[in-house]
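# What the coordinates show
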Amino acid sequence: MICRVLITSVAVLALGGSSACSRGVSQNQSVALAAQLQGPPPTRSEILRGDYGRLRANNDLVYYHLDVRVDPDKKFISGKNTIRFRMLSDDNRVQIDLHPSLDVDRILLDGAPLQYTREESAVFIDFPRKLRKDSTYAINFQYSGTPLDIRARGGIGFRRDSTGHPFINTVCEGVGSSTWWPSKDQWHDEVDSMRISVSIPNGLTDVSNGAFVGKMDLGDGYTRWDWNVHYPINSYDVSMNIGDYVHFTDTYKDMTLDFYVLRDSLEKARAQFTQAKGMLAAYEHYFGEYPFKKDGYKLVEATNAGMEHQSAVTYGNGFKNGYGGRDWTGVGVSPKFDFIIIHESGHEWFGNAVSASDRSDMWIHEGWTTYLEVLYVEYTFGYDDALKYVNGYKTKVLNRQPIIPPGGLMRTPPQDMYFKGALMLNTLRNVVNDDRRWFALLHDLYQHFKYKNISTDDIVAFFNQRTGRNLTPVFNQYLRHTAIPTLELKFDSAAKTVSYRWKADEPGFAMPIRIGTKGAWQIVEPTTAKWKTMPARLTPETFDVATDLYFVNVVKQ
Ligand SMILES: [Zn+2]
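Residues numbered from 1 in each chain as written. Predicted model: local features only at pLDDT ≥ 70, side-chain atom pairs only at ≥ 80, totals over all residues. Heavy atoms only, no water.

### With respect to the overall build of the protein
Defined as follows: Numbering of helices and strands starts at the N terminus; helices are DSSP runs of H or I of at least 4 residues and strands are runs of E of at least 2. Computation of the radius of gyration draws on C-alpha atoms alone. For the globule rule, the value is 2.2 Å times the number of residues to the power 0.38. To sort residues, take the accessible area from a 1.4 Å probe on protein chains only and compare it with the maximum for the residue type: under 20% means buried, over 50% means exposed, and anything in between is partly exposed. Residues are treated as being in contact if the distance between any of their heavy atoms lies within 4.5 Å.
Of regular secondary structure, the protein possesses 13 helices and 29 strands. On C-alpha atoms alone, the protein measures out to a radius of gyration of 25 Å, which is about the 24 Å that the 2.2 N^0.38 rule sets for 557 residues. Over its C-alpha atoms, taken along the principal directions, the protein stretches across nearly 90 × 60 × 35 Å. Across the 557 residues in the protein, those meeting the buried criterion constitute 59%. If you take every contact in the protein between residues at least 6 apart in sequence, the share linking residues at least 24 apart comes to 69%.

### Looking at the side chain of N430
Operational definition: As used in this structure description, the phrase polar contact means that two N or O atoms lie within 3.5 Å; if the pair is within protein, one of them must be able to donate a hydrogen and the other to accept it, and residues adjacent in sequence are counted only when both atoms belong to side chains.
Relative to the assigned elements, N430 resides in helix α10 (residues 416-432). Its relative accessible area of 6% is what places N430 among the buried residues. At a separation of 2.9 Å, a polar atom in the side chain of N430 contacts the main-chain carbonyl oxygen of N426.

### Some details on the packing of helix α9 (residues 383-392) against α10
Packed helix pairs are characterised by how far apart their axes lie and by the angle those axes make with each other. Put simply, the rule is: The axes used here are C-alpha line fits, helices contributing only the stretch in contact, and every angle between their N-to-C directions lies in the interval 0 to 180 degrees. Relative orientations are named as follows: roughly parallel for angles under 35 degrees, roughly antiparallel for angles over 145 degrees, roughly perpendicular for angles from 65 to 115 degrees, and oblique for any other angle. Take the far helix as your reference; a near helix turned counterclockwise from it by less than a right angle gives a left-handed crossing, and one turned clockwise gives a right-handed crossing.
With their axes 9 Å apart at the nearest point, α9 and α10 run at an angle of 135° to one another. Classified by the angle between their axes, α9 and α10 sit oblique to one another. Viewed along their axes, α9 and α10 form a crossing whose handedness is left-handed. Every residue of α10 that contacts α9 at Y383, L387, V390 and N391 is listed here: A422, L423, N426 and R429.

### Structural notes on the pairing of strand β24 (residues 497-503)
Selection criterion: A strand pair is defined by DSSP finding two or more bridges across the two strands.
Across the 7 residues that make up β24, a large majority, 5, are buried. The pairing of strand β23 (residues 486-492) with β24 spans 7 bridges and is classified as antiparallel. From the neighbouring strand, L489 faces β24, where its bridge partner is Y500. Hairpin remark: β23 followed by β24, antiparallel, with 4 residues in the connecting loop; positive phi at K496, about 55°. Bridging between β24 and strand β27 (residues 532-535) involves 4 bridges; their strand directions are antiparallel. Residue pairing for β27: Y500 is matched across the bridge by K532.

### Observations concerning the packing of aromatic side chains
As a reminder, the rule being used: Side-chain rings of Phe, Tyr and Trp (the six-membered ring for Trp) are treated as a pair once their centres are within 6.5 Å; stacked means planes under 30 degrees apart, edge-to-face means over 60, and tilted covers the remaining angles. Geometrically, a charge over a ring is one whose NZ (Lys) or CZ (Arg) sits within 6 Å of the ring centre while staying within 35 degrees of the ring normal.
Taken as a whole and judged by the stated rule, the model has 49 aromatic pairs. Their ring planes at 40° and their centres at 5.7 Å tell us that F212 and W225 sit as a pair that is tilted. Note that F212 is positioned in strand β13 (residues 211-217) and W225 in strand β14 (residues 222-229), a separation of 13 residues in sequence. Residue F212 is classed as partly exposed on the basis of its relative accessible area, which comes to 42%. An aromatic cluster is built from Y286, F287, F350, W363, W368, Y371, Y379, W438, F439, Y446, F463 and F475, whose rings are joined through pairwise contacts. One Lys or Arg, K294, reaches over the ring of Y231 and ends 5.6 Å from the middle of that ring. Seen from the ring of Y323, R326 lies directly overhead, with NZ or CZ sitting 5.4 Å from the centre.

### Description of the pairing of strand β4 (residues 102-109)
In summary, the side chains of a regular strand alternate between the two faces of the sheet. Looking at chain direction, β4 and strand β8 (residues 136-145) are connected through 7 bridges and run antiparallel. Bridging across to β8, D103 finds its partner in S144. Here 2 bridges tie β4 to strand β5 (residues 112-113), and the two strands are oriented antiparallel to one another. When the sheet's bridge partners are listed, L109 is paired in β5 with A112. The turn joining β4 and β5, which pair antiparallel and follow one another in sequence, is formed by 2 residues; a positive phi near 50° is taken by D110.

### Here's the deal with the side chain of T223
Position of T223 among the secondary structure elements: in strand β14. T223 sits in the buried class, given a relative accessible area of 10%. At 2.6 Å, the side chain of T223 and the side chain of N202 are in polar contact. Other than its neighbours up to four places away in sequence, T223 contacts V198, S199, I200, N202, K215, M216, D217 and L218.

### Comments concerning helix α13 (residues 472-480)
Counting buried residues in α13 gives 7 out of 9 residues, a clear majority hidden from the surface. Those residues of α13 that are buried lie in contact with α8 (363-381), α10 and α12 (456-467).

### Brief notes about the pattern of salt bridges
The line we're drawing: A pair is scored as a salt bridge if a Lys or Arg side-chain nitrogen falls within 4 Å of a carboxyl oxygen belonging to Asp or Glu.
A complete count under the given rule lists 26 salt bridges for this structure. In this structure, R132 and D90 form a salt bridge, with 3.0 Å as the shortest nitrogen-oxygen distance. With a gap of 42 residues between them, R132 in the loop between β7 (122-131) and β8 and D90 in the loop between β2 (76-87) and β3 (91-97) connect regions that are remote in the sequence. For D90, a relative accessible area of 38% gives the class partly exposed. Of the charged contacts, one joins R263 and D244 as a salt bridge, the two residues approaching to 3.0 Å between their closest N and O atoms.

### So, the sheet that holds strand β29 (residues 553-556)
Reading across from one edge, β27-β24-β23-β29 is the order of the 4 strands in this open sheet, with mixed pairing throughout. Among the strands making up the open sheet, the edge pair consists of β27 and β29. Averaged over all neighbouring strand pairs, the angle between strand axes comes to 25°, with direction disregarded.

### Some details on the environment of V524
Turning to its location among the elements, V524 is positioned in strand β26 (residues 522-524). Taking C-alpha positions, V524 is 53 Å from Q95, a pair spaced 429 residues apart along the chain. For V524, the contacting residues outside a window of four places in its chain are Y500, M511, P512, I513, I515 and M534.

### Structural notes on the nonpolar core
Here is a general trend for soluble globular proteins: nonpolar side chains tend to be buried in one another's company. Convention followed: Working definition of a nonpolar core: buried Ala, Val, Leu, Ile, Met, Phe, Trp, Tyr and Cys residues. They are joined through side-chain atoms within 4.5 Å.
Among the nonpolar cores identified, the biggest contains 160 residues, and Y297, W363 and F463 are the most heavily contacted of them. Among the elements that make up this core, the one with the highest residue count is α10 (10 residues). Beyond its immediate chain neighbours, meaning those up to four positions away, W363 contacts W368, I403, I404, M417, M424, T456, I459, F475 and L479.

What follows is the structure, given as structure tokens:
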């Protein structure tokens, strides 16, 4: 997702209300979480949405068939989700989620209705007999209603295009998939595959994730559009895009690229969307083949600015370069490409193929994808532009709170996860100090974790193993503390020496850095433990530090 959406989505789920924490998170855990938090104590909503407690952890999703009918005039939806899951432990209750604005019509197991209770977005489903570990079950969850109209914050946007046709898009990473369909609305668990069926008035087109299967006239003024997703998919990536779309294609290697835009946009889109091929070439160069080949690659015009909906990336950047026509990082590089095509499609590699298993580790999606923009710039326009571009992000870093908040809560990390995350990765490239090894590490990390849901610790362990260095304190300083490290320099003009050490919050923080004179850098290995001293003929004014290669503060005394 892009940053503007992220900022507006933060407050959406602070619906308030707390009650005895009897499910999933205990009272003690809740108090412990509150103590770790810099902000207010967690609400019941944040726990119900974010915690991966017993009633979620007792099962593993296998398959969804979401079959939904949309009435654009009444802004009404109805349908069912067939949810197939394998039990991981014996139990007789599971948690599925559906926003309170939507009604549960009935939930069936083998044709028999199940009992359930609702609390905010959680639906606790009870089974008359114990479900057995390793057995697979399928429930049919039927629902209907008028989804909450939460406008810019996400959910379903019921709009009209300039000619009056319905123009309806979903976007729900912040507010949750449960705002428009019954699902296990969390990040830990994904289905292995999925079918999406969307019934809409004749004449309109639905574009959802996956490969197009076909459409069927239902004989009642509606047509059903069927899509098959052949890969694991985050629930927030599942989408429908309904409009008076026109369809055109392009090809990249042996893959067809499918583009869907409103009629008025066709000419502009034909020119702008040629950038998709350069994007694919760049990311395939660094990481390997596009991860969702069987589902294809689609760009779909939408009312939101952009979203990484898997294999059906939504686009609302006005067919202009930069971000909304602006120079996004302010250093003259951004106007050379369409920020939304490059950023949102980058998520196919980091976010969709490699996914975080808890929202607190969202930098795995956003920090990495922001760094992918930098790699795209390097591949397409050269290293000098890439270095300018990534350093342009410094003006957006706030350093007000750590990038990683406490886990197990529906609380979106701060926007530093984008820009500081990318600047940290650029720093690590220079710590590795060997581009051949760096790019091999990136490639292998992606290949190792693709189609998996992982944590920050998985990434750090991979880096440590591949570099033979203990980089845990470096990751911790950038991700789990507020401040970036400061290099302290102390000059002794009489002795013609400079002393150096790191000032950092993380115990044992140590990182090599280039200092002295640009073009003739010396690599030193400061620590936080004690000053080290080296000869230096330079004065404090002429002594330089490679702050474009390492995201650090420098203090000279
Ligand atoms: Zn993003």
